[in-house]
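Chain by chain, the residues run as shown.
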Amino acid sequence: MAITDILEFAHLTDEDIEAFGRELDAIRRDVEESRGQRDANYIRRTIALQRSLEVGGRLAILCSRWRPAALLGTGLLAASKIIENMELGHNVSHGQWDWMNDPEIHSTSWEWDQTGPSEHWKRAHNYSHHTYTNIVGMDDDIGFGILRMTRDEQWKPINLLQPAANLVLALTFEWGIALHDLAASKEERGVDPWQVLSEPNKEFARKVATQVGKDFVFFPALAGPAWRRAIGANLTANVIRNLWAYAVIFCGHFPDGAEKFTMGQFETETHEEWYLRQMLGSANFHAGPTMAFLSGNLCYQIEHHMFPDLPSNRYPEIAERVRQLCDKYDLPYTTGHLPAQYWKALRTIFKLSVPNSWLRRTSDDAPETSSERRFHGPASAVVDRVRFDPITGRKRGLRSALQEARREARRAVKAHTPAAP
């Protein structure tokens, strides 16, 4: 079973978690009080860059008679869509720039360049996902209703198809998110999912008509005889954007170390435990300034989940302070290189396509998730040993506990492995 007692799993006392929460509240307060002109300049420059890339890309596609120019235009358009989707649409809709009181750059007015309506996404993502992050049975973003991403979910024969379903989802990610958010919007409003002319369906249809009409009717029509090339360029740019957004999201939510939780944990959760769940349920990946920008700074997914409404350009400095807190409380800070993080998520997709009975690990000690039970039974001595270092007296927590548990597991495997003849 997923984590039911987050304090026991994290090896923290009530006093620890209160102090941990106070320090995170201080980070939020410091950033909120220091927001100002440099942050406003950042988002306005980003908007100007995104629009310039889109105009340049579309002009190159429409006016090109040579294939290299069309390829350049496609690349510029793809970059434009990535920036709009990740750094603008996602983050503006989180309310990260509402403090500016600019009606153009506000969560209530921004409509992003993606198939689904922003309003549907905000309902499903900002509230559901960021409130119930990685709680099995409450957070529908665990696999997006398509993939089985934890052993806590019952295996079904259709899960055998999830390697193929994952490929389809990656290529059509904006459509997968749009349909997922449409279903969530219907459920929230109490609308019959089979009611064809429901308000959510009308909103979805209007947005699809606008989006498809823009990319595959209006701009191809402007291209005249080169309309086929324009359609191909727009389709390619959308697919590139989909693949990148999919990779960023999966690397932030599904690598090893992004833990899952039970409904019971949420029922008694405090504000400080919410912080802890966001941190333990998320993962980062290493990125330089350019990759961080293109990911919407979601390479700092841990920081984003703890502070979803703080400006994304401040995540790098927030991350430094969060890592210091992890060191102080001996908590894991799950991060790694992008290919490695994606490989771990992909491995989980393939592994969990088969029944649990075919797998060696359980939902208490699996690489993709674990629970406080991994420290029970024969491993209970591990919990006692990691509270304080016997030599230095320094407090030791979850990070040390996990390291020791892995060493114990390796020793157990070696002990049961027959010696070579």
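Naming follows an unreviewed UniProt entry, where the protein chain appears as Fatty acid desaturase of Rhodococcoides kroppenstedtii.

What to know about the overall build of the protein chain
Each helix and strand in the protein chain was counted, giving 17 helices and two strands. In terms of overall size, the protein chain behaves like a compact globule, its C-alpha atoms giving a radius of gyration of 23 Å where 421 residues would be expected to give roughly 22 Å. Counting only C-alpha atoms, the protein chain reaches 75 × 55 × 50 Å along its principal axes. Relative to its 421 residues, the protein chain shows a buried fraction of 53%. When the accessible surface of the protein chain is summed, it comes to about 19400 Å², and 61% of that surface belongs to carbon and sulfur atoms. Measuring between centres, the 50 positive side-chain charges of the protein chain sit 8 Å from its 54 negative side-chain charges.

Looking at the nonpolar core
Grouped together as the largest cluster of nonpolar side chains are 81 residues, with contacts concentrated most on Phe20, Leu276 and Leu331. The element that contributes the greatest number of residues to this core is helix α9 (residues 227-253), accounting for eight residues. Core analysis: the next-biggest nonpolar cluster, separate from the first, contains seven residues, Leu77, Ala223, Ala230 and Ala233 among them.

Let's talk about the UniProt feature "domain: Fatty acid desaturase" (unreviewed entry) in the protein chain
When the UniProt feature table is mapped onto this chain numbering, "domain: Fatty acid desaturase" (unreviewed entry) sits at residues 74-335. Span residues 74-335 is 59% helix and 0% strand, its end C-alpha atoms 32 Å apart.

A word on the side chain of Arg314
In this fold, Arg314 is placed in the loop between α13 (301-306) and α14 (315-329). In terms of polar contacts, Arg314 uses its side chain to reach the side chain of Asp39, at 3.1 Å. Setting aside anything within four residues of it in sequence, one finds Arg314 in contact with Val31, Ser34, Arg35, Arg38 and Asp39.

Focus: helix α3 (residues 37-63)
Relative to the 39 Å expected for 27 residues at 1.5 Å per residue, α3 spans 38 Å between its end C-alpha atoms, a close match to the ideal helical length. Of all the positions in α3, only Asp39, Ala40, Tyr42, Ile43, Thr46, Ile47, Gln50, Leu53, Gly57, Arg58, Ala60 and Ile61 are classed as buried. The inward-facing, buried residues of α3 abut α2 (14-34), α4 (67-93), α8 (199-222), α9 and α12 (289-294).

Observations regarding a nonpolar patch on the surface
On the surface, Leu167, Leu171 and Leu243 cluster together to form a nonpolar patch covering roughly 250 Å² of accessible area. Tracing the backbone through its elements, the reader meets Leu167 in helix α6 (residues 162-171). For Leu167, a relative accessible area of 53% translates into the label exposed.

Thoughts on the packing of aromatic side chains
The relative placement of two aromatic rings is captured by the distance of their centres and the angle of their planes. Applying the stated criterion across every chain, the model contains 18 aromatic pairs. Look at Trp112 and Trp121: their rings are 5.0 Å apart centre to centre, the planes differ by 45°, and that puts the pair in the tilted class. Per residue, the accessibility class of Trp112 equals that of Trp121, and both read buried. Connected via pairs of aromatic rings, a cluster forms that spans Phe144, Phe173, Tyr246, Phe250, Phe254 and Tyr342. One cation-aromatic arrangement involves Arg58 over Phe219; the distance from NZ or CZ to the ring centre is 4.0 Å.

Description of the pattern of salt bridges
Proximity of charged atoms lets side chains of opposite charge pair with each other. In the structure shown here, the tally under the stated rule is 27 salt bridges. A salt bridge links Glu54 to Arg58; its shortest N-O distance comes to 3.1 Å. Within this pair, Glu54 and its partner Arg58 are both found in helix α3, separated by four residues, close to a single helical turn. Given a relative accessible area of 6%, Arg58 falls into the buried group. Lys214 serves as the salt-bridge partner of Asp113, at 3.0 Å between the closest nitrogen and oxygen. A residue pair is termed long-range when its members are at least 10 positions apart, and Asp113 in the loop between α4 and α5 (118-131) and Lys214 in helix α8 qualify at 101 residues. Within this structure, Glu54, Arg58, Lys81, Asp113, Lys214 and Asp215 form a network of salt bridges that share partners.

Some remarks on the confidence of the model for the protein chain
Model confidence for the protein chain is summarised by a mean pLDDT of 91, while 94% of its residues fall at 70 or above. Here helix α16 (residues 380-385) stands out as the least confident element of the protein chain, with mean pLDDT 46; α13 is the most confident, with 98.

Some remarks on the state of the cysteines
According to the stated counting rule, one finds zero disulfides in the structure shown. With no disulfide of its own, Cys326 lies closest to Cys299 among cysteine sulfurs, the gap being 16 Å.

Remarks on unusual backbone geometry
Even without glycine at this site, Asn101 takes up a positive phi of about 55°. Backbone geometry places Asp330, a non-glycine residue, at a positive phi of 55°. Residue position: Asp330 is located in the loop between α14 and α15 (338-351).

Observations concerning the packing of α4 against α9
Interhelical geometry of α4 versus α9 gives an angle of 40° and a closest axis separation of 8 Å. Comparing the axis directions of α4 and α9 gives the class oblique. Our pair here, α4 against α9, has a crossing hand that is right-handed. Between α4 and α9, the contacting residues are Arg67, Ala70, Thr74, Leu77, Ala78, Lys81, Ile82, Asn85 and Met86 on the first element and Arg229, Ala233, Asn234, Thr236, Ala237, Asn238, Ile240, Arg241, Trp244, Ala245 and Val248 on the second. Its residues assigned to classes, the contact of α4 with α9 shows eleven nonpolar, five polar and four charged.

What counts as what
- Residues numbered from 1 in each chain as written.
- Predicted model: local features only at pLDDT ≥ 70, side-chain atom pairs only at ≥ 80, totals over all residues.
- Heavy atoms only, no water.
- Helix = DSSP H or I, 4+ residues; strand = E, 2+ residues; numbered from the N terminus.
- Rg over C-alpha atoms; globule rule 2.2 N^0.38 Å.
- Buried < 20%, exposed > 50% of the residue type's maximum accessible area, 1.4 Å probe, protein only.
- Areas by Shrake-Rupley, 256 points an atom, 1.4 Å probe, with all protein chains shown as cover.
- Lys, Arg positive; Asp, Glu negative; His and termini not counted.
- Charge placed at Lys NZ, Arg CZ, Asp CG, Glu CD.
- Core = buried A, V, L, I, M, F, W, Y, C linked by side-chain atoms within 4.5 Å.
- UniProt positions renumbered as here; feature names shortened; annotations may be inferred.
- Polar contact = N/O pair within 3.5 Å; in protein donor to acceptor, adjacent residues only side chain to side chain.
- Contact = heavy atoms within 4.5 Å.
- Expected span 1.5 Å × (residues − 1).
- Patch = residues over 30% accessible without salt bridge, like charges linked within 9 Å, V, L, I, M, F, W, Y side chains within 5 Å.
- Salt bridge = Lys/Arg side-chain N within 4 Å of Asp/Glu carboxyl O.
- Phe/Tyr/Trp six-rings, centres within 6.5 Å; stacked < 30°, edge-to-face > 60°.
- Lys NZ or Arg CZ within 6 Å of the ring centre and 35° of its normal.
- pLDDT = per-residue confidence, 0-100.
- Disulfide = S-S within 2.5 Å.
- Axes fitted to C-alpha atoms, helices over the stretch in contact; angles between N-to-C directions.
- Parallel < 35°, antiparallel > 145°, perpendicular 65-115°, else oblique.
- Left-handed = near helix turned anticlockwise from the far one by under 90°.
- Nonpolar A, V, L, I, M, F, W, Y, C, P; charged D, E, K, R; others polar.

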